[in-house]
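# Report on the structure
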Amino acid sequence: MDVIVAEDRAALRKALGPGTVALVPTMGALHEGHRSLMRLARERAAQVVVSIFVNPLQFGPGEDFSRYPRTFDADLAACAEEGVQVVFSPSPEEMYQPSRQVSVSSGHMGTLVEGVFRPGHFDGVLTVVAKLFNLVQPDVAVFGQKDAQQLALIRRMVSDLDFPIEIVGAPTLREPDGLALSSRNRYLSAADRSVALALSRALFAGSAERAPSAVLSAARAVLDAEPGVVLDYLSLVDPATFEEVDDRYYGTAVLAVAGRVGTTRLIDNVLLEL
Ligand code: PAF
């Protein structure tokens, strides 16, 4: 069956039939990681909606909003292959009225880790995700663990604001050499790509340890040996709060890294048991 493309909210409502709905919010430039989210969504609901919207609110000044890859035809083909029923691809004007005033605040948690380097980013993410939840009214929504802080904040928002939606987190997919799949990987030259592998190598070195200080030193040693990565942060945090953990901490933690390779900023993380 063909995918129905809905460009506005009226078309979206018309396209949705009765039965459960799973939403996969994306900014397009779909890759195998997104496809794995669509497959999880299909297992969870009768209808799958993929939203494709490059959300201006979550990009800061000087970030890659204008050059963010837009590959709509290929995205549509991927959605069709994965059995998605509806693609919701609104214009910025459809999503944001010029008179808009109100947005979602990501609170203290949105200022930590990634939020230090991208002020306002998570407010932009939560605002668009809240709007997508209200427009699509899904039973389930699927997000990648690759954006671990985003996933944690969306869980927080759903709980704090009582959205009646189940949030499913999907594992990060990686290339055979460890590079986490990302729409931004297509910016990387062959040389940059090989430098970028230091990020996942650092995370894997950290995951071999069990004490927080040892995790961080093992990961830091790998990054120190690769001067091509301009590090923004290497942080070991509680997966629910994104507060840093220390040697008194036991349980699951997120080891998260972000850095620039050439002109491309990449993030990655692993979950580990301390
Ligand atoms: O993860 C993304 O692609 C975006 O942040 C999201 C969740 C689609 C919101 O624009």
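Look up a bit, the structure's there.
Residue positions are given per chain, counted from 1 along the sequence in the order it is written. Per-residue local features are limited, in this predicted model, to residues with pLDDT of at least 70; the limit for side-chain atom pairs, both in listing and counting, is 80 or more; totals at the level of whole chains, interfaces and linings are taken over all residues. Neither water nor hydrogens contribute to the side-chain values; these are computed over all heavy atoms in the structure.

### As for the overall build of the chain
Stated formally: Helix and strand assignments follow DSSP, with helices taken as H or I runs no shorter than four residues and strands as E runs no shorter than two, numbered in order from the N terminus. Accessible area is worked out with a 1.4 Å probe on protein chains only. A residue is then buried under 20% of its type maximum, exposed over 50%, and partly exposed in between. Working rule for contacts: check all heavy atoms of both residues, and any pair within 4.5 Å makes them a contact. Computed with a 1.4 Å probe, the accessible areas rest on the Shrake-Rupley method; for each residue, only the protein chains presented here act as cover. In this count, Lys and Arg are taken as positive residues and Asp and Glu as negative ones, while His and the chain termini are left out. All charge positions are set by atom: Lys at NZ, Arg at CZ, Asp at CG, Glu at CD.
Secondary structure assignment for the chain yields nine helices and nine strands. With respect to the principal axes defined by its C-alpha atoms, the chain has extents near 55 × 40 × 40 Å. Out of the 274 residues belonging to the chain, those deemed buried represent 53%. Within the chain, contacts between residues at least 6 apart in sequence are counted, and of these 71% link residues at least 24 apart. As presented, the chain carries roughly 12500 Å² of accessible surface, and 54% of it is formed by carbon and sulfur atoms. Positive and negative side-chain charges in the chain, numbering 25 and 34 respectively, have mean positions lying 2 Å apart.

### Structural notes on unusual backbone geometry
Phi angles above zero are rare outside glycine, and Asp162 is one such case at about 60°. Examined against the element boundaries, Asp162 turns out to sit in the loop between helix H7 (148-160) and strand S6 (166-170). Taking the relative accessible area as the measure of exposure, Asp162 reaches 65% and is therefore exposed. You will see that Phe242, though not glycine, has its phi angle at about 60°, which is positive. Relative to the elements of secondary structure, Phe242 occurs in the loop between strand S7 (229-237) and strand S8 (252-261). Residue classification places Phe242 among the buried positions, given a relative accessible area of 3%.

### Digging into the sheet that holds strand S5 (residues 140-144)
Quick reminder of the rule: Only strands joined by at least two bridges in the DSSP assignment are considered to pair. For helices, the fitted axis covers only the stretch in contact; all axes are lines through C-alpha atoms, and the angles between them, taken along N-to-C directions, range from 0 to 180 degrees.
Strands sit in the order S1-S4-S3-S2-S5-S6 across an open sheet of six strands; the sheet is parallel. The sheet terminates laterally at strand S1 (4-6) and S6, the two strands that pair on one side only. The sheet shows a mean angle of 25° between the axes of neighbouring strands, taken without regard to direction. Two elements, strand S3 (residues 47-52) and strand S4 (residues 86-88), share three bridges in a ladder whose sense is parallel. Bridge pairing in S4 places Val50 opposite Val87. Relative to the sheet, helix H6 (residues 121-136) contacts strand S2 (21-26), S3, S4, S5 and S6, its axis offset from that of S2 by approximately 150°.

### Brief notes about the sheet that holds S7
Within the open sheet, the three strands sit side by side as S7-S8-S9. Their pairing is antiparallel. Of all strands in the sheet, those bounded by a partner on one side alone are S7 and strand S9 (264-273). When the angles between neighbouring strand axes are averaged without regard to direction, this sheet yields 15°. Against the sheet, helix H8 (residues 190-207) makes contact with S7, S8 and S9, and its axis sits at roughly 20° relative to S9, the strand it touches most.

### Some details on the nonpolar core
It is characteristic of soluble globular proteins that their nonpolar side chains tend to be buried jointly. In plain terms, the rule: Throughout this description, the term nonpolar core refers to a set of buried Ala, Val, Leu, Ile, Met, Phe, Trp, Tyr and Cys residues connected via side-chain atoms within 4.5 Å.
Within the largest apolar cluster, 44 residues are counted, with the highest numbers of intra-cluster contacts made by Leu12, Val49, Phe133, Ile167 and Phe242. Element by element, the count of residues in this core is highest for H6, at ten residues. Excluding anything up to four places from it in sequence, Val49 contacts Leu12, Leu16, Val21, Ala22, Leu23, Val24, Val86, Phe88 and Val136. Leu188, Leu199, Ala253 and Val257 belong to the second largest nonpolar core, which has 25 residues in total.

### Observations regarding helix H3 (residues 72-81)
Operational definition: This arc is taken over the directions from the axis of the helix to the C-beta atoms.
For H3, the set of buried residues is Asp75, Ala78 and Cys79. Down the axis of H3, the smallest arc covering the buried residues is 100°, so these residues share one side. In this structure, H3 carries Asp73, Ala74 and Glu81 as exposed residues pointing more than 90 degrees from its buried face. Looking at the buried side of H3, the elements it contacts are helix H2 (32-44), S3 and S4.

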